[in-house]
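So the chains spell out like this:
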Amino acid sequence: MSDNPSNPSAILNDHINKWNAVFDASRIPALLYHYTDFNGLSGILSSNALRATFSETLNEGSEWVYGKEVLKINSPVISASVRDALTPPPSIVQPPPTSMFVTCFCEEPNLLSMWRSYTTHGGGFSLGFEGPKLDALQIDDLSAGSRAARLVKVYYGKILPDPLLALLESAPLFAECVLENMIKDDAFKEEKEWRIIVSDPPVSSMSFHRGHENIKTSVHVRNLGGLPLPLKRLLYGPTLRDDEATKKTLTWMLRKYGYPDVIPEPSGIPYRL
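Residues numbered from 1 in each chain as written. Predicted model: local features only at pLDDT ≥ 70, side-chain atom pairs only at ≥ 80, totals over all residues. Heavy atoms only, no water.

Caption draft 1: Summary view of the pattern of salt bridges. Enumeration according to the criterion identifies eleven salt bridges in this entry. Among the salt bridges present, the one from K153 reaches E107, with a minimum N-O distance of 3.8 Å. Of this pair, K153 sits in strand β6 (residues 150-153) while E107 sits in the loop between β3 (100-106) and α5 (112-118); the two residues are 46 residues apart in sequence, bridging distant segments of the chain. Judged by its relative accessible area of 24%, K153 is partly exposed. You can call E107 partly exposed: its relative accessible area is 25%. Between E130 and K133 there is a salt bridge; the shortest N-O distance is 3.4 Å. Shared partners join several salt bridges into a network, and the residues in it are K184, E191, E193 and R195. (Salt bridge = Lys/Arg side-chain N within 4 Å of Asp/Glu carboxyl O. Helix = DSSP H or I, 4+ residues; strand = E, 2+ residues; numbered from the N terminus. Buried < 20%, exposed > 50% of the residue type's maximum accessible area, 1.4 Å probe, protein only.)

Given below as structure tokens:
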């Protein structure tokens, strides 16, 4: 912590250094993969956008609750007066976000558990995007004073790495709201997940649709000007037919929506229903 904890500028600089240690762009993998079904693929290609969903309505509905519990275990015992001293005034920074929207990626391009979970029993697609360029995608209706979308790494288990603990100690109110969406149970660690997170997007940018057991809301993230996404690979799932007709149809689809250099590839995993 700063030598002068009562100085708002010093506090802010300390926060920035610790945020940068967590959100280090140099650690982003060259490619990150988004698993989806055909409707997801069609929507992504035709709109040149990815959909970030309100985190509390994700299919793994207990995720954000788990994140809150892990943070509670790891949070230092800080009195209200000390928390106030650690928190820069609203004249310097915005108040903590009240909602978080996320879209998810995996470091692995061809993971059987991901095919089973997210692609209609292996009949979907794994879209490989340039990782560093995903960090440049933004929501529609982004305005001055709004929070920009960020690409973040997901951490697993109840023992947090030092950079997250330092951030949690430095800026508890702000960090808790973000970090609870960056923590998952150890059971999911083979996913090696990354997420684009969007804090408090404007209602004007939201769309609404039915989930399996709830109502979901989401926002689109895309390149400024609606330019094509940084898509570099497209794998089709192990339960789709691996023949020339499938490859040709996907090639036409990619060409129509502005991705002529992406070559469809079969998963190759010997998995059948």
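There's plenty left to go through after this.
Caption draft 2: Molecular detail of helix α2 (residues 38-47). Among all positions of α2, only L41, I44 and L45 are buried. Here the buried residues of α2 occupy an arc of 90° about the axis, which is enough to place them on one side. Residues of α2 that are buried make contact with β1 (31-36), β2 (50-54), β4 (125-130), β12 (231-236) and α9 (244-256). Taking the backbone nitrogen of N39 as reference, a side-chain oxygen 3.3 Å away marks D37 as the first, capping residue of α2. Positive backbone phi, at 50°, marks N48, one or two positions downstream of α2. (Arc of directions from axis to C-beta. Contact = heavy atoms within 4.5 Å. Polar contact = N/O pair within 3.5 Å; in protein donor to acceptor, adjacent residues only side chain to side chain.)

Caption draft 3: The nonpolar core, seen in detail. Ranked by internal contacts, the top residues of the largest apolar core, which has 32 residues, are L50, F129, L134, I196 and V198. For this core, the secondary structure elements donating two or more residues are α2, β2, β3, β4, β9 (193-199), β11 (215-222), β12 and α9. Excluding its chain neighbours within four sequence positions, the residues that come into contact with L50 are H34, I44, T103, F105, F129, L134, L137, V219, H220, V221 and L229. If you look at the next biggest cluster of nonpolar residues, it comprises 20 residues, including Y66, L160, L168 and V178. (Core = buried A, V, L, I, M, F, W, Y, C linked by side-chain atoms within 4.5 Å.)

Caption draft 4: Fine view of empty space enclosed by the protein. Enumeration according to the criterion identifies one cavity of 30 Å³ or more in this entry. Examining the composition of the lining of the largest cavity, we find that four residues originate from one element, β6, more than from any other. (1 Å grid on protein atoms, 1.4 Å probe; cavity = no way out; pocket = protein on both sides within 12 Å on 5 of 7 lines; lining within 4 Å. Points joined across faces, edges and corners; volume = space filled by probe spheres on them.)

Caption draft 5: Examining the side chain of E191 more closely. Structurally, E191 can be placed in the loop between β8 (183-184) and β9. A relative accessible area of 8% means that E191 is categorised as buried. Not counting the four nearest positions on each side in its chain, E191 is found in contact with C106, E107, L111, M114, Y118, Y156 and K184.

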